[in-house]
Amino acid sequence: SPARARFRAERQRGVLPHTAELRLRAAMVEAKEPQDYLEVLQAQRGGFSFELCKRNAYLAASVNIKAPTATKSGTTICGVVVKDAVVLAADTRATSGPMVADKNCEKLHFISKNVYCAGAGTAADLQHTTELMEGQMELHRLATGTQPRVCTVVRRLSSMLF
């Protein structure tokens, strides 16, 4: 590789071995190929950049426009995958515009023994959809004698909703 050739040339010129070795390691790190999907996701992952803040401030000042502000609205749903389980959490507040319509709205819905659905949006539509899916999955369980798989629920929901 070019990095190894540069390493050999620097060693022949008498460059300190540790300096050349560090350059070789840096070149090898830059050329590292992702080994699995997590490394690919990490490489493509965005993140907060202060450069964008400076850019936005410059654009707002130069064009004399007001930058958009964040608004708090919507549902908070969180899912965490652990070794032998998945943990779902959701808030319980249902809003109707700026007013809180229900302080104890269930947003985690039972579909089968091993499948739950977390949803946001119109609560009545979500409840009706998950009740339909719960009935279909119970019929599926009785017909096959096995618990429905998540992909079965997803496929049926996709065909029903889209």
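Remember, it's a predicted structure, so these values are computed and weren't measured experimentally.

Chemist: Please clarify how the overall build of the protein should be interpreted in this entry.
Modeler: Within the protein one finds six helices and six strands. Reading the helices (α) and strands (β) of the protein from amino to carboxyl end gives α-α-α-α-β-β-β-β-β-β-α-α. Counting across all 162 residues of the protein, residues that qualify as buried make up 15%. Intrachain contacts of the protein at a sequence separation of at least 6 include 25% that bridge at least 24 residues. Total accessible area on the protein stands at roughly 13,300 Å², and carbon and sulfur atoms take up 58% of it.

Chemist: What is the right way to read the confidence of the model for the protein from this model?
Modeler: If pLDDT is low for a region, its predicted coordinates should not be looked at in detail. With 67% of its residues at a pLDDT of 70 or more, the protein has an overall mean of 77. Least confident of the elements in the protein is helix α2 (residues 17-30), whose mean pLDDT is 53; most confident is helix α5 (residues 123-144), at 91.

Chemist: Help me out: how do you make sense of the pairing of strand β5 (residues 108-112) in this one?
Modeler: Two elements, β5 and strand β6 (residues 115-118), share four bridges in a ladder whose sense is antiparallel. Across the sheet, residue S112 finds its bridge partner in β6, namely V115. Hairpin connection between β5 and β6: a loop of two residues separates the two successive antiparallel strands.

Chemist: Please explain a nonpolar patch on the surface as it appears in this structure.
Modeler: A grouping of V81, V86, L88, F110 and Y116 is seen on the molecular surface, where their side chains present a nonpolar patch of about 500 Å² in accessible area. L88 gets classed as partly exposed once you look at its relative accessible area, which sits at 35%.

Chemist: How should helix α6 (residues 150-161) be read in this particular structure?
Modeler: For an α-helix the count is 3.6 residues per turn, leaving residues at separations of three or four pointing the same way. Its 12 residues give α6 an end-to-end C-alpha distance of 16 Å, which sits within 8% of 16 Å, the value for a rise of 1.5 Å per residue. Turning to α6, its buried residues number three or more, namely T152, V153 and L157. For α6, the angular spread of the buried residues around the axis is 125 degrees, confining them to a single face. Facing away from the buried side of α6, by more than 90 degrees, are the exposed residues R155 and S159. Packing partners of the buried residues in α6 comprise β5, β6 and α5.

Chemist: Just to check I follow, could you spell out α5 for this structure?
Modeler: Between its terminal C-alpha atoms α5 stretches 31 Å, which fits the 32 Å expected from 22 residues at 1.5 Å a residue. Residues of α5 that are buried include every one of L126, T129, T130, M133, M137 and H140, and no others. The buried residues of α5 all sit within an arc of 95 degrees when viewed along its axis, so they share a single face. Exposed side of α5, more than 90 degrees from the buried face: A124, L139, L142 and A143 are the residues found there. Looking at the buried side of α5, the elements it contacts are β5, β6 and α6. Two residues or fewer after α5 comes G145, characterised by a positive phi angle close to 80 degrees.

Here is what the cut-offs are and how they apply
Residues numbered from 1 in each chain as written. Predicted model: local features only at pLDDT ≥ 70, side-chain atom pairs only at ≥ 80, totals over all residues. Heavy atoms only, no water. Helix = DSSP H or I, 4+ residues; strand = E, 2+ residues; numbered from the N terminus. Buried < 20%, exposed > 50% of the residue type's maximum accessible area, 1.4 Å probe, protein only. Contact = heavy atoms within 4.5 Å. Areas by Shrake-Rupley, 256 points an atom, 1.4 Å probe, with all protein chains shown as cover. pLDDT = per-residue confidence, 0-100. Pairing = 2+ DSSP bridges. Patch = residues over 30% accessible without salt bridge, like charges linked within 9 Å, V, L, I, M, F, W, Y side chains within 5 Å. Salt bridge = Lys/Arg side-chain N within 4 Å of Asp/Glu carboxyl O. Expected span 1.5 Å × (residues − 1). Arc of directions from axis to C-beta.

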